[in-house]
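# Inside the fold
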Amino acid sequence: MSLFKARDWWSTLLGEKEEFDQGCLCLADVDNSGSGQDKIIVGSFMGYLRIFNPHPVKTGDGAQAEDLLLEVHLRDPILQVEVGKFVSGTELLHLAVLHSRKLCVYFVSGTLGNVEHGNQYQIRLMYEHHLQRTACNMTCGPFGGVKGRDLICIQSMDGMLMVFEQESYAFGRFLPGSLLPGPLAYSSRTDSFITVSSCRQVESYKYQVLVFATDADKREETEQQKLGSGKRLVVDWTLNIGEQALDICIVSFNQSTSSVFVLGERNFFCLKDNGQIRFMKKLDCSPSCFLPYCSVSEGTINTLIGNHNSMLHIYQDVTLKWATQLPHIPVAVKVGSLHYSSSYPKGSDLKGVIVTLSDDGHLQCSYLGTDPSLFQAPKVESRELNYKELDAELKELQKIIKDVKSQGVWPMTEREDDLRVFATVSPNFDSVSQATDADIGTDLVPSITVKVVLQSRLALQKVKLSVYVQPPLALTCDHFSFDFMAPETTREVAFSVYLKRSYTPSELEGNAVVSYFKPTGIPRVIQCKFRLPLKLICLPGQPSKSASHKLTIDTNKSPVSLLSLFPGFSSQPDDDQVNVMGFCFLGGSRVTLLASKTSQRYRIQSEQFEDLWLIINELILRLHEYFEKQGIKDFSCSFSGSMPLQEYFELIDHHFELRINGEKLEELLSERAVQFRAIQRRLLTRFKDKTPAPLQHLDTLLDGTYKQVIALAEAVEENQANLFQAFARLKSATHLVILLIGLWQKLSADQVAILEAAFLPLQEDAQELGWEETVDAAVSHLLKTCLSKSSKERALNLSSHLDMPKDTSRLKKHITLLCDRLAKGGRLCLSADSAAPQTIIMPGPGRTRALPLTSGRLGPAGGCTPIPESDLEERSAEQDSTEPFTNHRLLMAEPPTPEDSAFQGLLE
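These numbers come from a predicted model, not from an experiment. (Residues numbered from 1 in each chain as written. Predicted model: local features only at pLDDT ≥ 70, side-chain atom pairs only at ≥ 80, totals over all residues. Heavy atoms only, no water.)

### Some points on the overall build of the protein chain
Check the secondary structure of the protein chain and you find 13 helices and 46 strands. Here the protein chain holds 908 residues, and 45% of them are scored as buried. Within the protein chain, contacts between residues at least 6 apart in sequence are counted, and of these 62% link residues at least 24 apart. Just so you have it, the protein chain exposes about 48400 Å², and 50% of that area is on carbon and sulfur atoms. (Helix = DSSP H or I, 4+ residues; strand = E, 2+ residues; numbered from the N terminus. Buried < 20%, exposed > 50% of the residue type's maximum accessible area, 1.4 Å probe, protein only. Contact = heavy atoms within 4.5 Å. Areas by Shrake-Rupley, 256 points an atom, 1.4 Å probe, with all protein chains shown as cover.)

### Quick look at the pairing of strand S22 (residues 267-271)
Of all five residues in S22, five are buried, a share of seventy percent or more. Burial of the side chains of S22 extends over both faces: Asn-267, Phe-269 and Leu-271 are buried on one face and Phe-268 and Cys-270 on the other. Of the pairings in the sheet, the one linking strand S21 (residues 258-264) to S22 comprises four bridges and is antiparallel in character. Counterpart to Leu-263 in the pairing with S22 is Phe-268. Taking the residues between adjacent antiparallel strands as the criterion, S21 and S22 are bridged by two residues. Strand direction decides the pairing type here: S22 and strand S23 (residues 277-282), joined by five bridges, are antiparallel. By the bridge assignment, Leu-271 is partnered in S23 with Ile-277. From the end of S22 to the start of S23, which pair antiparallel, there are five residues, and Gly-275 there has a positive phi angle of about 95°. (Pairing = 2+ DSSP bridges.)

### What to know about the sheet that holds strand S43 (residues 601-606)
Strand order in the open sheet made by the six strands is S39-S41-S42-S43-S40-S44, with antiparallel pairing throughout. Of all strands in the sheet, those with a lone pairing partner are strand S39 (538-541) and strand S44 (637-638), marking the two edges. Bridge analysis of strand S40 (residues 549-555) against S43 gives six bridges, and the strand direction is antiparallel. Counterpart to Lys-550 in the pairing with S43 is Gln-605. Sheet contacts for helix H5 (residues 612-629): S40, strand S41 (580-585), strand S42 (590-595), S43 and S44; angle to S43, the most-contacted strand, approximately 155°. (Axes fitted to C-alpha atoms, helices over the stretch in contact; angles between N-to-C directions.)

### So, unusual backbone geometry
In this structure, Pro-472 follows Pro-471 across a cis peptide bond, with omega equal to 10°. Among the structural elements, Pro-472 can be located in the loop between strand S33 (460-468) and strand S34 (473-475). One non-glycine residue, Asp-317, adopts positive backbone phi at about 60°. Since its relative accessible area comes to 18%, Asp-317 is described here as buried. Although it is not a glycine, Lys-746 sits at a positive phi angle of roughly 55°. Summarising the element assignment, Lys-746 is placed in the loop between helix H7 (698-745) and helix H8 (749-759). On the basis of relative accessibility, which here comes to 55%, the residue Lys-746 falls in the exposed class.

### What to know about a negative patch on the surface
Residues Glu-19, Asp-21, Asp-359 and Asp-360 make up a contiguous surface patch of negative charge. The topology assignment puts Asp-360 in the loop between strand S29 (349-358) and strand S30 (362-367). Given a relative accessible area of 46%, Asp-360 falls into the partly exposed group. (Patch = residues over 30% accessible without salt bridge, like charges linked within 9 Å, V, L, I, M, F, W, Y side chains within 5 Å. Salt bridge = Lys/Arg side-chain N within 4 Å of Asp/Glu carboxyl O. Lys, Arg positive; Asp, Glu negative; His and termini not counted. Charge placed at Lys NZ, Arg CZ, Asp CG, Glu CD.)

### Considerations on the pattern of salt bridges
Across all of its chains, the model carries 21 salt bridges by this definition. A salt bridge links Asp-703 to Lys-707; the nearest nitrogen and oxygen atoms lie 3.5 Å apart. Of the two residues, Asp-703 and Lys-707 both sit in helix H7, four residues apart, roughly one turn of that helix. Classification of Asp-703 by relative accessible area gives partly exposed; the value is 39%. Among the charged side chains, a salt-bridge network with shared partners connects Glu-18, Arg-50 and Glu-71.

### Focus on a nonpolar patch on the surface
Taken together, the side chains of Leu-385, Tyr-387 and Leu-390 define a hydrophobic patch exposed on the protein surface, amounting to about 340 Å² of accessible area. When you line up the elements, Leu-385 lands in the loop between S30 and helix H3 (387-407).

### Some points on the packing of H7 against helix H11 (residues 809-823)
The contact between H7 and H11 brings their axes to 11 Å, and the two run at 20°. Considering the angle they form, H7 stands roughly parallel to H11. Helix-helix and strand crossings are classified by hand; for H7 and H11 the assignment is right-handed. Contacts from Ile-741, Trp-744 and Gln-745 of H7 reach H11 at Cys-819, Leu-822 and Ala-823. In terms of residue class, the contact of H7 with H11 is made up of five nonpolar, one polar and no charged. (Parallel < 35°, antiparallel > 145°, perpendicular 65-115°, else oblique. Left-handed = near helix turned anticlockwise from the far one by under 90°. Nonpolar A, V, L, I, M, F, W, Y, C, P; charged D, E, K, R; others polar.)

### Topic: the packing of aromatic side chains
Tallying each qualifying case throughout the model produces 18 aromatic pairs. Ring geometry for Phe-480 and Phe-495: centres 6.1 Å apart, planes at 35°, overall tilted. Of this pair, Phe-480 sits in strand S35 (residues 479-485) while Phe-495 sits in strand S36 (residues 489-499), and the two are 15 residues apart along the sequence. Neither residue differs from the other here; Phe-480 and Phe-495 are each classed as buried. Here the aromatic cluster, defined as three or more aromatic residues joined through ring pairs, consists of Phe-143, Phe-171, Tyr-186, Phe-193 and Tyr-207. Above the plane of the ring of Phe-517 lies Lys-462, whose end atom (NZ or CZ) is 5.8 Å from the centre. (Phe/Tyr/Trp six-rings, centres within 6.5 Å; stacked < 30°, edge-to-face > 60°. Lys NZ or Arg CZ within 6 Å of the ring centre and 35° of its normal.)

### Quick notes on the packing of helix H6 (residues 645-688) against H11
A pair of packed helices can be characterised by two numbers: the angle between their axes and the separation between those axes. Relative to each other, H6 and H11 sit at 150°, their axes nearing to 11 Å. Here H6 is positioned roughly antiparallel relative to H11, judged by the angle of their axes. You can see that H6 and H11 cross each other, and the crossing is right-handed. Residues Leu-645, Tyr-648, Phe-649, Ile-652 and Asp-653 of H6 touch H11, and the partners they reach there are Leu-811, Lys-812, Ile-815, Thr-816 and Cys-819. When grouped by side-chain class, the residues that make up the contact of H6 with H11 number seven nonpolar, one polar and two charged.

### Some details on the sheet that holds strand S5 (residues 48-52)
Pairing in this open sheet of four strands is antiparallel, and the strands run S3-S4-S5-S7 from one edge to the other. Because the sheet does not close on itself, it has two edges, and the strands there are strand S3 (25-28) and strand S7 (68-73). If you compare each strand with its neighbour and ignore which way they point, the axes differ by 15° on average. Across four bridges, the pairing between S3 and strand S4 (residues 39-43) is antiparallel. From the neighbouring strand, Ala-28 faces S4, where its bridge partner is Lys-39.

### Let's talk about the side chain of Thr-303
By the secondary structure assignment, Thr-303 is in strand S25 (residues 301-307). Overall, Thr-303 belongs to the buried group, its relative accessible area being 0%.

### Considerations on the side chain of Thr-190
Here Thr-190 shows up in the loop between strand S16 (184-187) and strand S17 (192-196). Dropping the residues within four chain positions of it, Thr-190 is found in contact with Lys-206 and Asp-273.

Interpretation in functional terms is not warranted from these geometric data alone.
Given below as structure tokens:
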């Protein structure tokens with residue numbers, strides 16, 4: 001055996017995004033030229049019929065304009081093409097085209113032109129048959145031993161054979177026990193049709209038996225028909241091959257013998273005329289197509305078998321004789337005789353050309369063998385080596401490599417960007433709201449327009465813009481594409497954003513990502529972020545006097561009028577109400593914001609803990625913008641209250657409970673679906689019996705199981721919607737806790753980014769990978785590395801496999817421990833370089849002590865100074881993790897202060 005690549009003689013790519021199958025390829029002298037040269041006929045599922053006559057000047061040429069003789073769009077999908085003597089009164093070859101509901105027979109003719117490429121070809125419809133049933137495949141031949149003409153047999157999708165005697169319909173017969181159609185072939189020597197049924201049996205039916213069997217329009221057998229032996233369709237022979245067949249082909253040695261070849265999913269079989277197995281071969285790869293043909297050796301047959309590894313194997317009976325590599329996966333293979341070249345004399349044909357077709361339209365004519373290489377290596381000049389020059393060159397190259405390494409893989413150069421992206425949010429709502437599918441419950445859901453501008457400096461290809469906003473915010477359009485952008489051009493797209501569901505999003509920030517290809521073919525990605533206004537999801541509301549959740553933010557500057565910070569959100573424009581403001585989200589929840597008259601504090605309160613996040617974040621952002629406009633650069637915020645971990649843990653428990661409930665519902669739905677299918681099989685068995693038995697209330701059980709399946713499916717969808725909403729609320733609460741930890745411990749932007757990466761690793765929550773196990777692994781990693789107590793703890797390895805936990809106690813314990821170690825001086829750091837030690841004073845009960853602070857490094861080799869344990873950490877191992885922060889303040893620098901009296905009178 002030798003392994004070579006198939007030698008490409010001629011190839012082309014058909015159409016664009018068209019699909020093909022094994023019946024779409026045929027080779028024959030379809031234009032009746034009489035030269036014996038085959039033409040390549042190809043039909044596609046898009047309805048295009050193409051006829052090629054390749055004649056490259058040299059081997060490996062692509063398709064030229066004159067190679068395509070004819071291309072016509074027949075509109076209907078083409079399932080199969082065959083060539084034969086299909087028109088009465090003439091023995092000329094005609095083309096039969098099978099559509100799903102129609103059979104058309106065409107005559108292909110050519111008109112000679114003055115020059116070689118001036119020949120004109122056309123097709124003329126001779127007749128057509130409209131089918132009452134959807135067709136699957138067809139076969140043709142001299143049925144019944146007729147001379148000088150071919151008949152056509154079409155198999156429908158429901159197992160009916162329809163025989164057409166050229167221009168007229170002859171009869172139709174249903175194959176017994178047919179469930180799914182299989183491949184179909186006709187044996188002229190035995191005058192029988194051979195197919196593979198859905199029972200995985202090769203079946204042979206005599207044409208004469210089909211002719212005298214009961215007509216398909218009269219399927220019900222009477223007593224008289226049962227007694228008449230000539231009226232029933234009886235199979236000639238069967239053979240169980242134990243697998244589904246891909247194709248059937250019949251090859252005749254001579255007039256006395258013929259063989260039936262069946263290509264299965266794992267084997268191919270060679271059968272005698274009577275159904276006995278001559279031989280079979282187990283295949284190593286999954287086959288895709290095959291073609292048996294006569295061998296030069298006496299009594300043997302060669303078989304071409306293509307597989308899904310893009311290989312073409314040639315077998316002589318069961319012996320592999322040749323294997324060749326193809327550039328595509330073939331779905332159809334043929335062997336024909338083609339014209340070699342226009343420069344050669346007439347009659348010089350290239351026989352035995354292998355024609356393959358892939359499912360995406362790669363058509364190739366190839367041959368086996370090798371081409372001799374005419375390259376001869378030149379003689380090497382012998383010379384003495386100058387080792388000093390080699391050493392100097394080597395040092396120069398090493399210096400260049402070192403300089404490149406110091407600059408990084410992509411050296412930073414100051415140049416103008418290839419593509420610039422700008423996003424602009426409209427200051428006003430859309431005059432006509434685009435929120436047509438919003439499910440909030442209010443009549444008016446506003447929408448706002450966002451414009452994204454793309455400015456290209458170079459010619460760019462395949463530019464794709466994707467926009468993402470946090471759910472339940474929705475976009476009218478989130479994908480835009482441009483096939484080509486010319487240099488120095490500007491493209492602008494616009495879309496609207498609105499609130500689709502009746503809960504609050506976790507962020508008001510959107511992201512526009514653009515991917516494109518440079519002229520050199522290098523892919524690039526650029527992104528641009530934009531911020532949506534608070535008024536898109538929030539309306540002015542009345543301040544609330546009582547609330548379940550309250551948070552106080554300290555600042556180092558005097559309070560600012562809330563009217564100047566939040567213009568347009570005041571429901572009562574009085575001077576007395578400049579320190580109180582109410583917000584009402586479109587989902588229905590309310591938040592109240594108060595500014596102290598006597599201290600530098602702001603209070604935010606609400607009935608929902610997670611709803612505090614957006615207002616606190618908006619307040620801090622607007623305070624920073626306000627003081628930057630005033631020229632004040634030392635403005636800062638802090639948080640000195642108790643960390644609201646208990647409220648945060650309640651949201652975690654609710655989210656985890658919905659995940660557990662979703663798993664239970666899916667398991668129950670799977671059980672009911674199995675039960676439903678089992679009842680269906682029982683009923684089908686009862687209905688197929690010739691002597692029907694009582695149903696024994698199986699129909700009632702089927703109806704009840706069906707209703708349970710529908711109810712469980714609706715419950716799964718409802719739980720999934722609740723889980724999405726719970727995850728959005730959990731993300732809002734997580735953002736709020738990270739913000740409070742950053743303000744409480746004065747964390748830098750890099751340290752806050754580490755917390756966000758640990759607590760917000762997922763954009764979407766799923767059953768396979770959920771928020772709880774991912775965050776638990778990330779927090780545990782921080783506790784065992786940069787926040788570790790000892791070198792022994794740093795040496796522990798974390799499991800790389802994430803599974804859904806049984807409960808959330810471990811996660812809550814780790815979050816509590818993280819806050820405790822941050823309170824004792826631990827610092828988050830991912831840098832490998834240790835910072836200089838610092839010392840801070842930590843007050844204790846009745847004493848003051850100094851703690852060294854050293855930024856640790858991740859991994860077992862970290863140089864983090866061990867953090868001493870506290871009473872809280874000792875108790876956490878003995879009691880439930882939800883208790884430590886319930887009744888005391890978390891390591892504050894001073895005892896709790898009484899409530900600020902300024903807040904007491906603002907809402908009176």
